[in-house]
Amino acid sequence: MRTAFTELVGVEHPLAGFNRTPAVVVEVSRAGGLGVLGATMYTPEELDAQLTWIEEQLDGRPYGVDLLVPTKTTQRDVGELVADLRRQIPEGHRRFVEGLLEKYGIPPVSEDDALDRLGRIDASLETNMDAAIVSELLDVTFSHRIALVANALGTPPPAMLERAKARGVPIAALVGKREHAEKQLAAGVDLIVAQGTEAGGHTGNVATMVLTPEVVEIAGDVPVLAAGGIASGPQLAAALALGAAGGWAGSVWLSSHEDAASRVIKEKLLAASSSDTIVSPTRTGKSARQLRSAWLDEWQAEGAPSPLPMPLQSMLVREAWERIDVTAEKGSERARELESFFIGQVVGSFRDLRPTGEIVRDIVEGCEARLREIGRLVEPVRR
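In this report, we go over the structure that sits alongside the text.

**Thoughts on the overall build of the protein**
Thought 1: When helices and strands are tallied, the protein shows 15 helices and 11 strands.
Thought 2: Its C-alpha radius of gyration of 21 Å places the protein within 12% of the 21 Å reference for a compact globule of 383 residues.
Thought 3: The principal-axis extents of the C-alpha atoms in the protein amount to approximately 75 × 45 × 40 Å.
Thought 4: Looking at the protein residue by residue over its 383 residues, the buried ones come to 52%.
Thought 5: Within the protein, contacts between residues at least 6 apart in sequence are counted, and of these 68% link residues at least 24 apart.
Thought 6: When the accessible area of the protein is evaluated, it comes to approximately 16,500 Å², of which 50% is carbon and sulfur surface.
Thought 7: If you average the places of the 40 positive and of the 54 negative side-chain charges in the protein, the two averages end up 4 Å apart.

Quick look at the structure:
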């Protein structure tokens, strides 16, 4: 299948696979899609190492990088910035989180139990507003042979756009409303990802079926990828039928062997239905779709405080989530009740864990089969 997206980034299939796990990115690209690394959690040194490893595995195949680059950045010392942000967290919120952990019997984490960075999805949210860190991450990104760079946090700043265009790297932006797409097009992005509310993680409230054609209508020659609810061949075919040049899939890779999510999280995802997700700001401070759990129920209970804005909420709860993750992995049923993760409504289609490459092939083959079936619906009747 050849579309404006496959031509733009040089891949075989109109499918982008977003994931924070380098191994997933590699397998998506090996299977003919475009693997896109969610890179915000990494330090510049770690990101350089991960991108180097990805390139060693891919032998020239294209891949992309997704960052959270705010339009406005600070010019302060990172340590000073973090300390100032922490002082803004109300004591009542701290007491609520600590009381919640005590209620469920979640102990502090020892140094021996500390998770690696892949287990800490919100690891950099308080420092990614620092100009020095953002600049270093972009330096690393553009020093590698990337086929695409995406910004998932508003309109890419002019400096990011200029660097991408100077290096001939297409720049993508995620949008949740037609109005967002208009701003991105005015800024000069090369690809728009129209993300419907079905998607996991940070998401808006417009469905993919409605949002995609709205964005396609105004995008002109700029290709659009549909995101949110893309986990099967028929869903990718639906995206193409809506006028998109392909699909952007994220949640489906959590059902892969290669994804770094813990055993407990994957077991809960496999047992979930499509109605077992909820949009809540209780993890990062921005509305994000995630698996419903006791954690979200506690934050909705009478007397619970309102979640703080990003990045204060993520700073408030990060240690709590590390404690929950570690304790759940040790077999605590109470911690398992709290356990959750960012996931889209496609979670209801998960049946078992599979290799990433197999998932890509199933999506592509299923899409081709469905397109052929649709084509037969409009074949002329022979008399």
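Okay, back to it.
**Describing the pattern of salt bridges**
Thought 1: Applying the stated criterion to the full structure yields 20 salt bridges.
Thought 2: Across the pair R263 and E267 runs a salt bridge, and its minimum N-O distance is 3.3 Å. Of this pair, R263 and E267 are both found in helix 11 (residues 263-271), 4 residues apart, which corresponds to roughly one turn of the helix.
Thought 3: Looking at R263, the relative accessible area reads 42%, which means it is partly exposed.
Thought 4: Linked through salt bridges whose partners overlap, the residues forming this network are E98, E319 and R323.

**Things to note about the sheet that holds strand 11 (residues 288-291)**
Remark on secondary structure: sheet strands pair via backbone hydrogen bonds, oriented parallel or antiparallel.
Thought 1: The 3 strands lie next to each other as 7-11-10, forming an open sheet whose pairing is antiparallel. Of all the strands in the sheet, just strand 7 (201-202) and strand 10 (277-280) have a single pairing partner and so form its edges.
Thought 2: Pairing of strand 10 with strand 11 involves 4 bridges; the strand directions are antiparallel. Opposite V279, over in strand 11, you have R289 as the bridge partner.

Criteria and thresholds
- Residues numbered from 1 in each chain as written.
- Predicted model: local features only at pLDDT ≥ 70, side-chain atom pairs only at ≥ 80, totals over all residues.
- Heavy atoms only, no water.
- Helix = DSSP H or I, 4+ residues; strand = E, 2+ residues; numbered from the N terminus.
- Rg over C-alpha atoms; globule rule 2.2 N^0.38 Å.
- Buried < 20%, exposed > 50% of the residue type's maximum accessible area, 1.4 Å probe, protein only.
- Contact = heavy atoms within 4.5 Å.
- Areas by Shrake-Rupley, 256 points an atom, 1.4 Å probe, with all protein chains shown as cover.
- Lys, Arg positive; Asp, Glu negative; His and termini not counted.
- Charge placed at Lys NZ, Arg CZ, Asp CG, Glu CD.
- Salt bridge = Lys/Arg side-chain N within 4 Å of Asp/Glu carboxyl O.
- Pairing = 2+ DSSP bridges.

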